[in-house]
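# Report on the structure
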Amino acid sequence: MKSWHWLAVVLLTFSGEPAYAYLDPGTGSMLLQVILGGVAAVAVAIKLFWYKIRAAVGLSKKPDVEDETG
Amino acid sequence: MKPAEVNSADSFSVEAGSFRDRDGRIYRSGDRIIRGVSQLALDEFQKLQSTRFYTNFLDKGQLVESRILPSDQVPLSEDLQQQWAGFLEHSLVPVISYPYEWTFGMLRDAALLQLDLIEAAIKEGMTLKDATPYNVQFVSGRPVFIDIPSFETLPAGAPWAGYRQFCEMFLFPLMLQAYKGIHFQPFMRAGIDGVGIQTATRLFGFRDRFRSGVLTHVWLQAKLDSRYGSTSQNVRSELKSAGFNKEMILANIRKMRKLLSKLSWQGDGSEWGSYEEFHNYSEDDHLLKESFIEECVAASEANLVWDIGCNTGQFSKIAAKNARQVVAMDLDHFAVERLNREIKAEGVDNILTLVQNVADPSPNWGWRNSERTDLNTRARPDLVLCLALIHHVVISANIPLEEFIGWLADASDQLVMEYVSRSDDKVEALLRNKEDKYSDYSRQNLERTLERHYGIVRQLSLESGNRFLYWCRKTDSSI
């Protein structure tokens, strides 16, 4: 188990409980693939995290949205 | 496994399990398997044919053989021909089986094939759009991938689309068996989508989080699933903009393969015990029984034989010498697992091993109760071997003898039955702590019932005086 995985575990242990809405079953599993994607994926994770911070403080420049919404 | 030669046929049926993919549909015309495909699926197939990995896996017999059918050779109605852009023909799988009938080792072999295929595909710019064990079948003792339209071009920056499904239908069931000793088949039969992430996270306790793969694939995935399942953001495009690429999928797949190869299951003590003391009769009787079965199977001219309650599979192997295909079944998962390991090691290629309880057999279920079918619909046998099983069915499972013989007669036109008499110590053991309400369990009643459905062609009493063998065949008047 890499320290990187443990960081994700710690963050998620204190994260909120599910919001029951229209659940898209793929989303969480897609995000997990960044955590499982090895060293190369660390940069991707930081970028994703950065988007989330910007979104949280209202500075979000929407990432490229494609036709397909998954 | 060559596709059948073309001949004109005008009757065909739609395979009930193939409706989910909007880009294709399977039709069966006699022994031919025809798939109607959309233009998109046809283009992807042509691209697939040009890859190196497609040829490699085909050569190894791990992909079903497929070809594009010229339009004048499609044995389907005009209406259907108009519906699809093109048609593929696949070679026929002798017996279709389902993951809830497989053993641990079979499910793992299918999982490893799935990983090998996606890894090879990704390296050549393609991918598998799903990851379901129903896309894998066992032919000649080996897993073969049959759902050719699952291969598609890998979109840039896309994650592994089948990752979650792979976990729910391969990884979690295998981990349940390996880590907890919980048989996975009932879960796979209870839900068409396997063991869901939220179910898995409840099945694995706190201590299990320290076992390989549980913390990440089960617990973390369940957490992320709850946390981000309702996100309004387009995670797919965020991943792409953040630079997600195929190297990350490959890293995940390599780790997954390592995890799977570490998972093992060696049964539990009780099952080993029953194996060691399999038969309680003399060596002479054993030889007599073997030659009776060998002669009957040969004389029956059966193509497909079921051996129900196969235990060690020694009679399945005898049958396999004289029939084209044997399906060896037992409710004891570990007995079937052992047999599967043996036939793989020995290179026996015409026995399909399945975990199956005749008192609670695979049902018709799924969408409209026809997506997955019972075994008789998939592989009607020409002969059933039912050796030293009837006392378990009648006495342990409480199924009346007449009912059981009626079911056997519905299943097949021929039967080889071994009756174990009440004075045999195996039967005595079953009755020891039970009130004996089984007046139907007698040789006289058995013979009378057999004769109602079949003619008895040949019979043999073993020298112990406790075991009787019958070869029965439906006569013109009994059919």
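Just so it is clear, the model here is predicted, and its values are computed rather than measured. (Residues numbered from 1 in each chain as written. Chains lettered and ligands numbered in written order. Predicted model: local features only at pLDDT ≥ 70, side-chain atom pairs only at ≥ 80, totals over all residues.)

### A few points about the overall build of chain A
Within chain A, the secondary structure is distributed over three helices and zero strands. Walking chain A from its N terminus toward its C terminus, one meets helices and strands in the order α-α-α. The burial tally for chain A puts 23% of its 70 residues in the buried class. (Helix = DSSP H or I, 4+ residues; strand = E, 2+ residues; numbered from the N terminus. Buried ≥ 20, exposed ≤ 12 C-beta atoms within 10 Å, placed from the backbone.)

### Concerning the confidence of the model for chain A
Low pLDDT means the predicted coordinates in that region are not meant to be read closely. All names here are of chain A. This prediction gives chain A a mean pLDDT of 65; 36% of its residues lie at or above 70. For chain A, the element scoring lowest by mean pLDDT is helix α1 (residues 3-13), at 63; helix α2 (residues 27-35) scores highest, at 86. Predicted confidence is poor over residues 63-70, with pLDDT under 50, and the contacts of this stretch with residues over four places away or in other chains come to 13 contacts. (pLDDT = per-residue confidence, 0-100. Contact = placed C-beta atoms within 7 Å.)

### Quick word on the sheet that holds strand β2 (residues 24-29) of chain B
Within a sheet, adjacent strands bond to each other through the backbone by hydrogen bonds, running parallel or antiparallel. All names here are of chain B. In space, the five strands of this open sheet follow the order β1-β2-β3-β5-β4, with antiparallel pairing throughout. Single-partner strands in this sheet number two, and they are β1 (13-14) and β4 (66-68). By the bridge criterion, three bridges tie β4 to strand β5 (residues 86-90) in an arrangement that is antiparallel. Note that in β5 the partner of Ile 68 across the bridge is Leu 88. Across the sheet, helix α1 (residues 39-49) lies against β2, β3 (32-37) and β5, angled at about 115 degrees from β3, the strand it touches most. (Pairing = 2+ DSSP bridges. Axes fitted to C-alpha atoms, helices over the stretch in contact; angles between N-to-C directions.)

### Some thoughts on the packing of helix α4 (residues 104-123) of chain B against helix α5 (residues 163-180) of chain B
Residues and elements named next belong to chain B. Between α4 and α5, whose axes approach to 10 Å, the crossing angle comes to 140 degrees. For the pair α4 and α5, the crossing hand works out as left-handed. Seen from α4, the contacting residues are Phe 104, Leu 107, Arg 108, Ala 111 and Gln 114; seen from α5, they are Phe 166, Phe 170, Pro 173, Leu 174 and Gln 177. (Left-handed = near helix turned anticlockwise from the far one by under 90°.)

### Examining the pairing of strand β7 (residues 136-139) of chain B
Residues and elements named next belong to chain B. Pairing geometry for β7 and strand β8 (residues 142-145), over four bridges, is antiparallel. Looking at the pairing, Gln 137 lines up with Val 144 of β8. Linking two consecutive strands that pair antiparallel, namely β7 and β8, is a turn of two residues; a positive phi of about 50 degrees is found at Ser 140 within it.

### Remarks on helix α19 (residues 443-453) of chain B
All names here are of chain B. Taken as a whole, α19 has its buried residues at Leu 446, Thr 449 and Leu 450. In a view along the axis of α19, the buried residues occupy a sector of 100 degrees, so they form one face of it. Across α19 from its buried face, at more than 90 degrees, point the exposed residues Gln 444 and Arg 452. (Arc of directions from axis to C-beta.)

### A closer look at the nonpolar core
Membership of the largest hydrophobic core comes to 145 residues, with the highest contact counts inside it found for B:Leu174, B:Val305, B:Ala319, B:Leu385, B:Cys386 and B:Val416. When residues no more than four places from it in sequence are discounted, the contact partners of B:Val416 are B:Ile293, B:Cys296, B:Leu383, B:Leu385, B:Cys386, B:Leu469 and B:Trp471. (Core = buried A, V, L, I, M, F, W, Y, C linked by C-beta atoms within 7 Å.)

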